Amino acid sequence: MKKFKYTITDPEGIHARPAGALVKECKKYECAITLTKDGKSGDCKKIFGIMELAVKCGNEVTMTFDGADEDAACHAVEAFMKENL
């Protein structure tokens, strides 16, 4: 299992467009990918799993990767978040 923490810097937080892009990125990998904020978690391969967390600018989130390609997924998603969120 791999994890990383990230503080959202996008002024709008994770709204529909970046949530959709994050889902698209996460679906490239077989492993389970979870986004956690304030003790609540959502499946990163489902847009509503992300949207229901209502992540705002300045919130710290934890991304968790568990499965066969977790290393590759962790590196790619971390880079995606730094570029886009």
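Values in this document were obtained by computation on a predicted structure and should not be read as measured data. (Residues numbered from 1 in each chain as written. Predicted model: local features only at pLDDT ≥ 70, side-chain atom pairs only at ≥ 80, totals over all residues. Heavy atoms only, no water.)

(A) Quick peek at the nonpolar core. Core analysis: the largest hydrophobic core is formed by 25 residues, its most contacted members being Ile 33, Leu 35, Met 63, Phe 65 and Met 81. Counting only elements with at least two residues in this core, the list comes to strand 1 (2-7), helix 1 (16-26), strand 2 (32-37), strand 4 (60-66) and helix 3 (70-84). Among the elements that line this core, the one with the most residues is helix 3, at five residues. (Core = buried A, V, L, I, M, F, W, Y, C linked by side-chain atoms within 4.5 Å. Buried < 20%, exposed > 50% of the residue type's maximum accessible area, 1.4 Å probe, protein only. Helix = DSSP H or I, 4+ residues; strand = E, 2+ residues; numbered from the N terminus.)

(B) Layout of the state of the cysteines. This structure, assessed with the given rule, holds zero disulfides. The closest cysteine sulfur to the non-disulfide-bonded Cys 26 is located on Cys 44, 4.6 Å from its own sulfur. Exposure remark for Cys 26: the relative accessible area of 0% places this residue in the buried category. There is no disulfide at Cys 31, and the cysteine sulfur nearest it, in Cys 26, is 8.2 Å away. Assessed through its relative accessible area of 1%, Cys 31 is described here as buried. (Disulfide = S-S within 2.5 Å.)

(C) Region of interest: the packing of aromatic side chains. Using the criterion set out here, one finds one aromatic pair in the structure. Between Phe 4 and Phe 65 the ring centres are 5.8 Å apart and the planes differ by 20 degrees, which places this aromatic pair in the stacked class. Here the residue Phe 4 occupies a position in strand 1, and Phe 65 occupies one in strand 4, the gap between them amounting to 61 residues. For the residue pair Phe 4 and Phe 65, the accessibility class agrees, reading buried in each case. (Phe/Tyr/Trp six-rings, centres within 6.5 Å; stacked < 30°, edge-to-face > 60°.)

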